[in-house]
Amino acid sequence: RAKQEGRNRFSFFSYDLENSIRERHQLELSLRNALLNDELLVFYQPKFDLTTKRIIGAEALVRLTGDDGIFISPTEFIPLAEETGLIIKLGQQVLSKACIEAKRWFDMGYVIPVSVNVAVAQFADPNLEHMIATALQESQLPAELLELEITETALMLDAEEMQTKLSQLKALGVTIAIDDFGTGYSSLAYLKKFNVDVMKIDMSFVKDMLNNKHDYEIVKTIISLGRSMELTLIAEGVETEAQRQALIELDCVMGQGYLFSRPLPANEFSDFILLTEHWV
Ligand code: C2E
Ligand code: MG
Ligand code: MG
Ligand code: MG
C-alpha cells in the first residue's frame with residue numbers, strides 16, 4: 001500500500017530515499033528519547049589474559065533499545081550520533097555509567113579497568129577533558145582504572161591539537177588505547193608521535209588468521225610492532241580455541257571475544273566475575 005501511495009504522490013524523492021530518510025529520522029528520535037530519559041544501556045565485555053583466562057579488563061559498549069524491544073547496533077547509531085552532535089551527551093552518559101560500574105567492581109574487591117570508546121567527533125568538544133575528569137571525580141574511580149579507546153582516524157585530526165588533547169587526558173592518569181588497529185590510515189609516524197599505551201588488533205585480522213596466510217602475517221606484524229614500541233597488545237574478536245593458542249604463540253597475551261564472553265549487562269558481568277574466579 002505504501003509503495004502505491006509513494007508512486008501516486010507527487011514527490012521529488014524516490015520511494016527508497018524517502019524511506020531511508022524516515023528510518024534515519026526515527027532512529028534519531030529513538031536516540032534523543034533514550035538520552036533524554038537516560039535509557040541507554042551499557043554492556044560490558046570482559047577482556048582476558050589468554051593464558052591464565054583471568055579477567056584483566058572490560059570494555060563498555062552502549063546499547064539502544066528500539067521500539068520493538070530489539071537492540072539497535074551501535075554501528076548504526078554511533079555514526080548518526082556523531083553527525084547530529086548527540087555523541088557528546090551519549091559519550092558522557094556511557095562514561096559516567098562505566099566509571100560508576102568499575103568503581104562498584106573495585107569496591108567488591110576486583111581491580112578491573114574499564115575501557116570506554118571515544119568517538120572522533122568527541123575530540124572536537126572543548127569540554128572533553130573536563131567531562132572525563134568529572135566522571136572520575138563523581139564515581140571516585142581511580143584514574144588508572146579508566147582506559148579510553150580511540151580509533152586511528154582520531155589520530156589523523158590536527159596533529160598538534162591531538163597531541164595536546166591526548167597529553168591532557170593522560171595527565172588525568174587514564175590509559176589510551178588505539179582501537180581496531182590496522183584498519184585505519186594512520187602511519188607509523190602517528191604512532192610514534194602520540195604516546196598511546198595499548199594497541200587493539202582489529203578483529204577482521206584475527207577472524208581469518210588461521211585460514212588466510214596474509215591475515216596471519218598481519219597479526220604477527222602488528223604484534224611485533226606493538227612489542228617494539230612497548231605497547232600492551234590485545235586481540236579483538238577471539239572466537240576459537242585455535243585462535244587463542246595461535247595468539248599466545250605469537251606472544252599476544254590478552255584478548256576479548258565470543259570464545260570467552262559476549263558483552264553482558266552490568267548485573268550479569270558481576271556474576272561473571274565471580275564465576276571466572278574458578279576457571280582454570
Ligand atoms: P569496538 O569498539 O571495536 O567494539 C568491539 C565490537 O566487537 C563490539 O560490537 C563487540 O560486541 C564486538 N565483538 C566482541 N567480540 C566479538 C567476537 O568474538 N566476534 C565478533 N564478531 N564480534 C565481537 P558492538 O557492541 O556492536 O559495537 C560496535 C562498535 O560500535 C564498537 O566497536 C565501537 O566502535 C562502537 N561503540 C560501541 N559502544 C560505543 C560507545 O559507547 N561510544 C562510542 N563512541 N562508540 C561505541
Ligand atoms: Mg572499542
Ligand atoms: Mg575494536
Ligand atoms: Mg570495531
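Heads up: these notes are all about the structure in this document.

Some words on the overall build of the protein chain
Here comes step 1: The helix and strand inventory of the protein chain stands at 12 helices and 10 strands.
Here comes step 2: Against the 2.2 N^0.38 benchmark of 19 Å for 280 residues, the protein chain shows a C-alpha radius of gyration of 20 Å, consistent with a compact globule.
Here comes step 3: Counting only C-alpha atoms, the protein chain reaches 65 × 45 × 45 Å along its principal axes.
Here comes step 4: Relative to its 280 residues, the protein chain shows a buried fraction of 44%.
Here comes step 5: For the protein chain, the accessible area works out to roughly 14,700 Å², and carbon and sulfur atoms hold 53% of it.
Here comes step 6: Of the charged side chains in the protein chain, 26 are positive and 42 negative, and the gap between their average positions amounts to 3 Å.

A look at the site of ligand 1
Here comes step 1: Neighbouring ligand 1 are 22 residues; Arg63, Asp179, Met203, Glu239 and Tyr258 lie closest to it.
Here comes step 2: Side-chain polar atom of glutamate 236 to an oxygen atom of ligand 1: 3.2 Å apart, as the coordinates give it.
Here comes step 3: Within the side chain of glutamate 239, an N or O atom sits 2.5 Å from a nitrogen atom of ligand 1.
Here comes step 4: If ligand 1 stood free it would expose 800 Å²; the protein chains cover 84% of that surface.
Here comes step 5: The site holding ligand 1 turns out to be the largest pocket.
Here comes step 6: Sorting the residues of the shell around ligand 1 by element identifies β2 (55-65), α3 (74-84) and β6 (175-181) as the ones contributing at least two each.
Here comes step 7: By residue number, the principal contributor to the shell around ligand 1 is β2, which donates 4 residues.
Here comes step 8: A class-by-class count of the residues in the shell around ligand 1 yields 10 nonpolar, 5 polar and 7 charged.

Comments concerning the pattern of salt bridges
Think of it this way: side chains of opposite charge can pair up when their charged atoms draw near.
Here comes step 1: Scanning all chains against the criterion turns up 16 salt bridges.
Here comes step 2: Note that glutamate 149 is salt-bridged to lysine 47, the shortest N-O span being 3.1 Å. On the criterion of sequence distance, the pair formed by glutamate 149 in strand β5 (residues 146-151) and lysine 47 in strand β1 (residues 41-49) is long-range, its members being 102 residues apart. No difference in accessibility class separates glutamate 149 from lysine 47, as the two residues are buried.
Here comes step 3: Three or more residues joined by partner-sharing salt bridges are found here, namely Lys47, Glu59, Glu147, Glu149, Lys200 and Glu236.

Looking at the side chain of lysine 165
Here comes step 1: The topology assignment puts lysine 165 in helix α7 (residues 159-171).
Here comes step 2: Setting aside its immediate chain neighbours within four residues, lysine 165 contacts Phe123, Ala124 and Asp125.

Brief notes about helix α10 (residues 213-228)
Here comes step 1: For α10, built from 16 residues, the straight-helix expectation of 22 Å at 1.5 Å per residue is met to within 8% by its first-to-last C-alpha distance of 22 Å.
Here comes step 2: Listing the buried residues of α10 in full gives Asp215, Val219, Ile222, Ile223, Leu225 and Gly226. Buried residues along α10 cover an arc of 165° about the axis, so they all sit on one side. Away from its buried face by more than 90 degrees, α10 exposes Lys213, His214 and Ser228.
Here comes step 3: The inward-facing, buried residues of α10 abut β6, α8 (188-193), β7 (198-201), α9 (203-207), β8 (232-235) and α11 (241-249).
Here comes step 4: The N-terminus of α10 is capped by asparagine 212, whose side-chain oxygen sits 2.8 Å from the backbone nitrogen of histidine 214.
Here comes step 5: Residue glutamate 230 follows α10 closely and has a positive phi angle near 55°.

Some details on the environment of serine 228
Here comes step 1: The residue serine 228 is located in helix α10 in this model.
Here comes step 2: For serine 228, a relative accessible area of 56% translates into the label exposed.
Here comes step 3: Residues serine 228 and aspartate 202, spaced 26 residues apart in sequence, show a C-alpha to C-alpha distance of 18 Å.
Here comes step 4: A distance of 2.9 Å separates the side chain of serine 228 from the backbone oxygen of leucine 225, its partner in a polar contact.

A short note on helix α2 (residues 15-36)
Here comes step 1: When the terminal C-alpha atoms of α2 are compared, their 31 Å separation across 22 residues agrees well with the 32 Å that a helix rising 1.5 Å per residue should span.
Here comes step 2: Residues of α2 that are buried: Glu18, Leu27, Glu28, Ser30, Leu31, Ala34 and Leu35.
Here comes step 3: For α2, the secondary structure elements touched by its buried residues are β2, β3 (71-72), α3 and α4 (87-108).
Here comes step 4: After α2 finishes, the residue aspartate 38 shows a positive phi value of roughly 55°.

Scoring rules and cut-offs
Residues numbered from 1 in each chain as written. Chains lettered and ligands numbered in written order. Predicted model: local features only at pLDDT ≥ 70, side-chain atom pairs only at ≥ 80, totals over all residues. Heavy atoms only, no water. Helix = DSSP H or I, 4+ residues; strand = E, 2+ residues; numbered from the N terminus. Rg over C-alpha atoms; globule rule 2.2 N^0.38 Å. Buried < 20%, exposed > 50% of the residue type's maximum accessible area, 1.4 Å probe, protein only. Areas by Shrake-Rupley, 256 points an atom, 1.4 Å probe, with all protein chains shown as cover. Lys, Arg positive; Asp, Glu negative; His and termini not counted. Charge placed at Lys NZ, Arg CZ, Asp CG, Glu CD. Near = heavy atom within 4 Å. Polar contact = N/O pair within 3.5 Å; in protein donor to acceptor, adjacent residues only side chain to side chain. 1 Å grid on protein atoms, 1.4 Å probe; cavity = no way out; pocket = protein on both sides within 12 Å on 5 of 7 lines; lining within 4 Å. Sits in = over half its atoms within 2 Å of the grid points. Nonpolar A, V, L, I, M, F, W, Y, C, P; charged D, E, K, R; others polar. Salt bridge = Lys/Arg side-chain N within 4 Å of Asp/Glu carboxyl O. Contact = heavy atoms within 4.5 Å. Expected span 1.5 Å × (residues − 1). Arc of directions from axis to C-beta.

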